[in-house]
Structure formats: C-alpha cells, structure tokens
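Chain by chain, the residues run as shown.
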Amino acid sequence: MFELDIEMLKEQGMQLVDNAKKTAQDLADKGKNQLDLMNQQARLSRAQRQLGALVYSLHKAGEENQPLVDKYIEAVAEVEKAIEEIKANMSPEEYMAAEEEVQAQEEVPVEEEEEIEEEPVQLRGETKICPVCKAEVDGDALFCNHCGAQL
C-alpha cells in the first residue's frame, strides 16, 4: 500500500513557499531599484536644466548670484550621489535593464510628444513678482534672483 509521509510533504511545501517568497521579494527589490534609479535620473535631468536656465537668466540680465548658483550645483551633486548609491546596490544586469528603459522613454517620436503651453514672454523692462519671496524680478527671468524660486 502507498503510504504518505505527511510531515515530509508539509516540510517540502514550506520550502517551496519560502523559495517562492524569496524569489518574489528579489524581483520586487530589483524593480524598486530600477524605479528609484529612473526617478533619480529624471530628477538629475530636471536639476541640470534648472541650473542651466538659472545661469542663462542671470547672464542675460547681466547679474551674478554665485550663492544661488552654488545652491543649484549642490542640488545636482546630491542627486548624482543618490544615483551612485543606487547603482552600487544593483547588479550589472539590473543597471543595464534600467538604462534600456530610460533610453526607450527618451526615444518618443516628436509627433507623440505633448505640446507645452508657454506663458507669454514679457518684454525686457517689465517686471513680475516672485510668488515665494514677493521680490520684484525681470519679466523674462526664469528664476527669482533673490530666493532662487523657479518662476
């Protein structure tokens, strides 16, 4: 007669459950790392654009505000550090998969990109008020020269 060993079946079942749980957790961690990397890369791109826009705005206005520029440079450096920390926790395969995903998102055809509505450009000499610190700034400024807020 065929005899079942209930304890052995129970032990094997528990091992299978533990293995499945570990595999699911590993996949979730890999996905989280990739998502974190992509989010930080998007933050880096945005911070770099804002820094460039600030420097251009200051140059165009004939002004200097090195403490504000330094603040933006520090923000870029912090994001770069966060990216390096994420990369250090990723396997080369995870990193390559994340990079491929970023490249795929960047290859959106031009006709599919959303139109960005721009605010009317104010002429030189006109001013506007910073919504954060209420300072008066040039009408064509992209950043407040006093507090650094994006306008």
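Worth saying up front: this structure is predicted, and the values here are computed from it rather than measured. (Residues numbered from 1 in each chain as written. Predicted model: local features only at pLDDT ≥ 70, side-chain atom pairs only at ≥ 80, totals over all residues. Heavy atoms only, no water.)

### Concerning the overall build of the chain
Here comes step 1: Broken down by element type, the chain carries three helices and two strands.
Here comes step 2: Secondary structure elements of the chain occur, N-terminal to C-terminal, as α-α-α-β-β.
Here comes step 3: Split into buried and exposed, the 151 residues of the chain put 25% on the buried side.
Here comes step 4: By sequence separation, contacts in the chain at least 24 residues apart represent 51% of the contacts at least 6 residues apart.
Here comes step 5: When the accessible area of the chain is evaluated, it comes to approximately 11700 Å², of which 53% is carbon and sulfur surface. (Helix = DSSP H or I, 4+ residues; strand = E, 2+ residues; numbered from the N terminus. Buried < 20%, exposed > 50% of the residue type's maximum accessible area, 1.4 Å probe, protein only. Contact = heavy atoms within 4.5 Å. Areas by Shrake-Rupley, 256 points an atom, 1.4 Å probe, with all protein chains shown as cover.)

### Regarding the nonpolar core
Here comes step 1: Leu 37, Leu 54 and Tyr 72 are the most contacted members of the largest nonpolar core, which has 17 residues in total.
Here comes step 2: If we ignore the near neighbours within four places in the chain, the residues touching Tyr 72 are Gln 50, Leu 51, Leu 54, Phe 143 and Gly 148.
Here comes step 3: Ranked by size, the runner-up nonpolar core spans five residues in total, among them Cys 130, Ala 135, Val 137 and Cys 144. (Core = buried A, V, L, I, M, F, W, Y, C linked by side-chain atoms within 4.5 Å.)

### Some words on the pattern of salt bridges
Here comes step 1: For the coordinates displayed, the defined rule picks out three salt bridges.
Here comes step 2: Across the pair Lys 32 and Asp 36 runs a salt bridge, and its minimum N-O distance is 2.8 Å. Of the two residues, Lys 32 and Asp 36 are both situated in helix α1 (residues 6-61); the distance of four residues between them amounts to about one turn of the helix.
Here comes step 3: Note that Glu 84 is salt-bridged to Lys 87, the shortest N-O span being 3.7 Å. A residue pair is termed a helical-turn pair when its members lie 3 or 4 positions apart in one helix, as Glu 84 and Lys 87 do in helix α2 (residues 66-88) at three residues. (Salt bridge = Lys/Arg side-chain N within 4 Å of Asp/Glu carboxyl O.)

### Digging into the confidence of the model for the chain
Here comes step 1: Looking at the chain, pLDDT values average 81 and 83% of them are 70 or higher.
Here comes step 2: Taken element by element, the chain is modelled with least confidence in helix α3 (residues 92-106), mean pLDDT 75, and with most confidence in α2, mean pLDDT 93.
Here comes step 3: For the stretch residues 112-124, pLDDT sits under 50, and the model shows nine contacts to residues farther than four places along the chain or on other chains. (pLDDT = per-residue confidence, 0-100.)

### With respect to a negative patch on the surface
Here comes step 1: Together, Asp 5, Glu 7, Glu 11 and Asp 18 give the surface a local cluster of negative charge.
Here comes step 2: Locating Glu 7 in the fold gives a position in helix α1. (Patch = residues over 30% accessible without salt bridge, like charges linked within 9 Å, V, L, I, M, F, W, Y side chains within 5 Å. Lys, Arg positive; Asp, Glu negative; His and termini not counted. Charge placed at Lys NZ, Arg CZ, Asp CG, Glu CD.)

### Quick word on the side chain of Gln 40
Here comes step 1: Residue placement: Gln 40 occurs in helix α1.
Here comes step 2: Contact partners of Gln 40, with chain neighbours within four places excluded, come to Val 79, Ala 82, Ile 83 and Ile 86.

### Here's the deal with α1
Here comes step 1: Over its 56 residues, α1 runs 81 Å from end to end, which matches the ideal 82 Å to within 8%, given 1.5 Å per residue.
Here comes step 2: Among the residues trailing α1, Gly 62 stands out with phi positive, at a value near 70 degrees. (Expected span 1.5 Å × (residues − 1).)

### Considering α2
Here comes step 1: Here α2 is 23 residues long and its end C-alpha atoms lie 33 Å apart, about the 33 Å a rise of 1.5 Å per residue gives.
Here comes step 2: Within α2, burial applies to Leu 68, Val 69, Tyr 72, Val 76, Val 79, Ala 82, Ile 83 and Ile 86.

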